[in-house]
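Inside the fold
Here is how the chains run, residue by residue.
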Amino acid sequence: MASKEQRQRAIQEIISRETISTQAELVERLRQMNFKVTQATVSRDINEMRLVRLPLGGGKHKYVLAGMEMAEHAKEELRRIFPTFVHDVDRGENILVLKVSEGHASGIALLIDRLRRDDIVGTLAGEDAILVVARSKEQAQALQEEFESLMALG
């Protein structure tokens, strides 16, 4: 019987080589590799491994490891997906709220976090909104302008 560590290593390999967008697809791939798994097991693995679903456009997604993307890749991804998935940017003092397409908040928030910017304290994602905390009101204003210009690219 394969260990949890072996199974999670296999998951890492699968998602690094293939576009896996659902838990069912991941379960099927693991079963093809002779892992005896249920959807519940894979769901727990996804949470423990901190996998996130990034939007690829056209209604498609891809599971990735939270630490996989570099800041430059994150910038490029944000430029690509912002116009499609971000619908509004609002600000109060040093806090921004981004309204996004349902189900895309965590992937976009992850990309914002990967920018590793000093002017962003952190993000918090729900289903269709992202809270972005800036260090100051001035930095929040600059971020709002930057995010609005990214939205306008589309």
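Residues numbered from 1 in each chain as written. Predicted model: local features only at pLDDT ≥ 70, side-chain atom pairs only at ≥ 80, totals over all residues. Heavy atoms only, no water.

The name an unreviewed UniProt entry assigns to the chain is Arginine repressor, from the organism Meiothermus luteus. The UniProt entry for the chain carries the following text under Subcellular location (unreviewed entry): "Cytoplasm". The record held by UniProt for the chain lists under Sequence similarities (unreviewed entry) the comment "Belongs to the ArgR family." (UniProt positions renumbered as here; feature names shortened; annotations may be inferred.)

Summed over the entire model, instances satisfying the criterion amount to 10 salt bridges. Note that Arg79 and Glu76 form a salt bridge whose closest N and O atoms lie 2.6 Å from each other. Pair noted here: Arg79 and Glu76 are both in helix 4 (residues 71–85), with a separation of three residues, about one helical turn. Looking at Arg79, the relative accessible area reads 35%, which means it is partly exposed. (Salt bridge = Lys/Arg side-chain N within 4 Å of Asp/Glu carboxyl O. Helix = DSSP H or I, 4+ residues; strand = E, 2+ residues; numbered from the N terminus. Buried < 20%, exposed > 50% of the residue type's maximum accessible area, 1.4 Å probe, protein only.)

This brings us to the pairing of strand 2 (residues 60–65). Put simply, side chains in a regular strand alternate between the two faces of the sheet. The buried fraction of strand 2 is high, at five of six residues. In this sheet, strand 2 lies alongside strand 1 (residues 51–57) in antiparallel orientation, the contact comprising six bridges. Bridge pairing in strand 2 places Val52 opposite Val64. Following strand 1, the chain reverses through two residues before pairing antiparallel with strand 2; Gly58 in that reversal takes a positive phi of roughly 65 degrees. (Pairing = 2+ DSSP bridges.)

Its location among the elements puts Ser101 in the loop between strand 4 (95–100) and helix 5 (105–114). Using a relative accessible area of 18% as the deciding quantity, one classes Ser101 as buried. Those residues in contact with Ser101 that lie beyond four places of it in its chain are Thr84, Phe85, His87, Glu127 and Asp128. (Contact = heavy atoms within 4.5 Å.)

Here we come to the sheet that holds strand 3 (residues 86–92). The pairing of strands in a sheet comes from backbone hydrogen bonds and takes either a parallel or an antiparallel form. Read across the open sheet, the four strands follow the order 3-4-6-5; overall the sheet is antiparallel. Among the strands making up the open sheet, the edge pair consists of strand 3 and strand 5 (120–125). Between one strand axis and the next, the sheet turns by 20 degrees as a mean value, whatever way the strands run. The strands touched by helix 5 are strand 3, strand 4, strand 5 and strand 6 (129–134); relative to strand 5, the strand with the most contacts, the crossing angle is about 170 degrees. (Axes fitted to C-alpha atoms, helices over the stretch in contact; angles between N-to-C directions.)

Those residues of helix 3 (residues 39–49) lying buried are Thr41, Val42, Asp45, Ile46 and Met49. Seen along its axis, helix 3 keeps its buried residues to an arc of 140 degrees; they face one direction. Directly beyond the C-terminal end of helix 3, a positive phi value near 60 degrees is found at Arg50. (Arc of directions from axis to C-beta.)

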